[in-house]
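Here is what each chain is made of, one letter per residue.
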Amino acid sequence: MDVNGAVAEGFEPVREAFAGNFTARGERGAAVTVYRDGHKVVDLWAGTRDVDAVAGGTADGTAVGGAAPWERGTAQIVRSATKGVAAAALLLLHQRGELDLDAPVGTYWPEYKAAGKERTLVWHLLAHRAGVPVLDRPLTPAQAADPVLGAEAVAAQAPVWEPGTDHGYHAQTYSWLTGELVLRVTGRTIGQWIADEIAGPVGADLWVGLPEGEAPRVGRVGHVEPPAAENGALRTRPRRAVAEAYADPYSLTRRAFGAITPQPDENDPAYKTAVLPASNGIATAEGLARFYASLIGEVDGGVRLFTPETAARARAEASAGPDRVLVVPTRFGLGYMLHGSASPLLAPGSFGHPGRGGALGFADPESGIAFGYVTNGFRTSVTADPRAQALVRAVRASPA
């Protein structure tokens, strides 16, 4: 496998781990970028743009059968890694004095007070404490993409626990919880706000609601089976309680991930252009890493998004312990997963967000590291993909 790009001196272990993902962990196409103190130190890509690419080419080397190579600037859907970008929108509005994280959601969105949710605070939404990870009447993909129906559905939903008293991952409803708040406060969709106030100023290639002109850069994604053995050891089986939760159609786990039913076709152009900040953001690895670099410092001597105070609040533990949806212990700050057994990041002070079965982005203020990994091949893992973890370990082991 030819690995393209470059690493700064001292980060050679990341190149080795990235190549190892292709030779030992079934990678099809992927990229990884790392910033340190606002400057790029790793920028690698390899494989094919499309997960279902067919190997082969013409005599003159032209790719055929969908086997276009992954190039610098290739973007992919990053699933729940989008949540970290959406969280930044709410935190920046708070930083600017336009949104009070400690105010009731109903202050900005009166309809949300229905069905016993009048005491839900804004920060409860970010910390997965709102109690509405499910919809009693799931939305179809077309309904979920409607800018009004999703917000109406979650506003009418009765909580499954008293808001603020417990936590459980809001896998899909996070889209409408965050998106509607941004709309009510700013008059702009969260996708437009992110484009105007985050991606544009930072110079990050990431979108929530893909512009038509960017579509040719985006590869096809799909499920890939892991190899029978990884790192010389047999693959571990999920805990029995976790397996049962995903198998039970009535569990909070299945209902939370099934708030959009049937499962959307993530390669459908209509899905890519929808604004669903829980699940359908599209980014390059460089864009994801650059975004996280901007949360903890100036990027290339330019923009910094979060003040130190906002960054501290973003990564302050707000939820910890058994997760009522994921059925494992999780730790959340405000919109970000924190380093822990369910989602190992670089170090105890790291904050970020994985995408189910693949992507990962995070920042670590103490080391100045910001990390972005995207792939076109999704695995069955939820929060700790083996390929991403191999890269994180390599960053940790780099002597630079």
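Residues numbered from 1 in each chain as written. Predicted model: local features only at pLDDT ≥ 70, side-chain atom pairs only at ≥ 80, totals over all residues. Heavy atoms only, no water.

Asks: Give me the overall build of the protein: which residues, what numbers.
Replies: Across its full length, the protein holds 13 helices and 16 strands. The dimensions of the protein, computed from C-alpha atoms along their principal axes, are 65 × 45 × 40 Å. For the protein, the residues scored as buried account for 55% of the 400 residues in total. Taking the contacts inside the protein whose residues are at least 6 apart along the sequence as the reference set, 67% of them involve residues at least 24 apart. On the protein, roughly 15,600 Å² of surface is accessible, and the fraction owed to carbon and sulfur atoms is 52%. Put simply, the protein has 37 plus and 43 minus side-chain charges, and the middle of one group is 5 Å from the middle of the other. (Helix = DSSP H or I, 4+ residues; strand = E, 2+ residues; numbered from the N terminus. Buried < 20%, exposed > 50% of the residue type's maximum accessible area, 1.4 Å probe, protein only. Contact = heavy atoms within 4.5 Å. Areas by Shrake-Rupley, 256 points an atom, 1.4 Å probe, with all protein chains shown as cover. Lys, Arg positive; Asp, Glu negative; His and termini not counted. Charge placed at Lys NZ, Arg CZ, Asp CG, Glu CD.)

Asks: Tell me about the packing of aromatic side chains, and name the residues and values.
Replies: Overall, the coordinates contain 10 aromatic pairs when judged by the stated rule. With 5.9 Å between their ring centres and 35 degrees between their planes, Y246 and F257 make a pair best called tilted. Taken together, the residues Y246 in helix α8 (residues 240–247) and F257 in helix α9 (residues 252–257) connect sequence positions 11 residues apart. Taking the relative accessible area as the measure of exposure, Y246 reaches 21% and is therefore partly exposed. You can call F257 buried: its relative accessible area is 13%. Grouped by ring-pair contacts, the aromatic residues Y169, Y246, F257 and F332 constitute a single cluster. (Phe/Tyr/Trp six-rings, centres within 6.5 Å; stacked < 30°, edge-to-face > 60°.)

Asks: Break down empty space enclosed by the protein for me, citing the residues and quoting the values.
Replies: Summed over all chains, the structure comprises 2 cavities of 30 Å³ or more. Taken as a whole, the largest cavity holds about 50 Å³ of empty space. In terms of lining, the largest cavity is formed by V78, T82, V85, L206, W207, V208, G281, I282, A283 and L288. At the level of elements, α2 (82–95), β5 (206–207) and β9 (282–283) are the ones that each hand at least two residues to the lining of the largest cavity. The wall of the second largest cavity is formed by P329, T330, R331, M337, L338, G340, S341, A342 and S343. At the level of secondary structure, the elements contributing two or more residues to the lining of the second largest cavity comprise β11 (329–332) and β12 (337–338). Looking at the lining of the second largest cavity element by element, the count peaks at 3 residues for β11. Partitioning the lining of the second largest cavity into residue classes produces 4 nonpolar, 4 polar and 1 charged. (1 Å grid on protein atoms, 1.4 Å probe; cavity = no way out; pocket = protein on both sides within 12 Å on 5 of 7 lines; lining within 4 Å. Points joined across faces, edges and corners; volume = space filled by probe spheres on them. Nonpolar A, V, L, I, M, F, W, Y, C, P; charged D, E, K, R; others polar.)

Asks: Outline the side chain of D43, supporting the account with residue identities and numerical values.
Replies: Among the structural elements, D43 can be located in strand β3 (residues 39–47). Within the structure, D43 has its side chain in polar contact with the side chain of T33 (distance 3.1 Å). The residues touching D43, leaving out its near neighbours within four places in the chain, are N4, G5, A6, V32, T33 and R72. (Polar contact = N/O pair within 3.5 Å; in protein donor to acceptor, adjacent residues only side chain to side chain.)

Asks: Describe in detail the environment of E244, supporting the description with residues and values.
Replies: Positionally, E244 belongs in helix α8. Through-space distance from the C-alpha of E244 to that of V327 is 9.8 Å; in sequence the pair is 83 residues apart.

Asks: Just give me the short version of the sheet that holds β5, but keep the residues and values in it.
Replies: Within the open sheet, the 3 strands sit side by side as β4-β9-β5. Their pairing is antiparallel. Bordering the open sheet on either side are β4 (76–77) and β5, each of which pairs with just one other strand. Bridge count for β5 against β9 is 2 bridges, and the pairing is antiparallel. Its bridge partner being in β9, L206 is matched across the sheet by A283. (Pairing = 2+ DSSP bridges.)

Asks: I'd like a description of the pattern of salt bridges, backed by residues and values.
Replies: Per the stated rule, a full pass over the model turns up 22 salt bridges. Note that D166 is salt-bridged to R324, the shortest N-O span being 3.7 Å. With D166 in the loop between α5 (149–156) and α6 (174–186) and R324 in the loop between β10 (319–322) and β11, this residue pair connects regions lying 158 residues apart in the sequence. Here R184 and E180 are joined by a salt bridge, their closest N and O atoms 2.7 Å apart. Of this pair, R184 and E180 both sit in helix α6, 4 residues apart, which is roughly one turn of the helix. Given the relative accessible area of 9%, E180 is considered buried. (Salt bridge = Lys/Arg side-chain N within 4 Å of Asp/Glu carboxyl O.)

Asks: So what's going on with helix α7 (residues 190–202)? Residues and values would help.
Replies: Most pronounced at D196, the bend in α7 amounts to some 30 degrees. Among all positions in α7, only I190, G191, W193, I194, E197, I198, A199 and V202 are buried. Buried residues along α7 sit against α2, α6, β5 and α11 (285–296). (Bend = angle between axes of the 7 residues up to and from the residue.)

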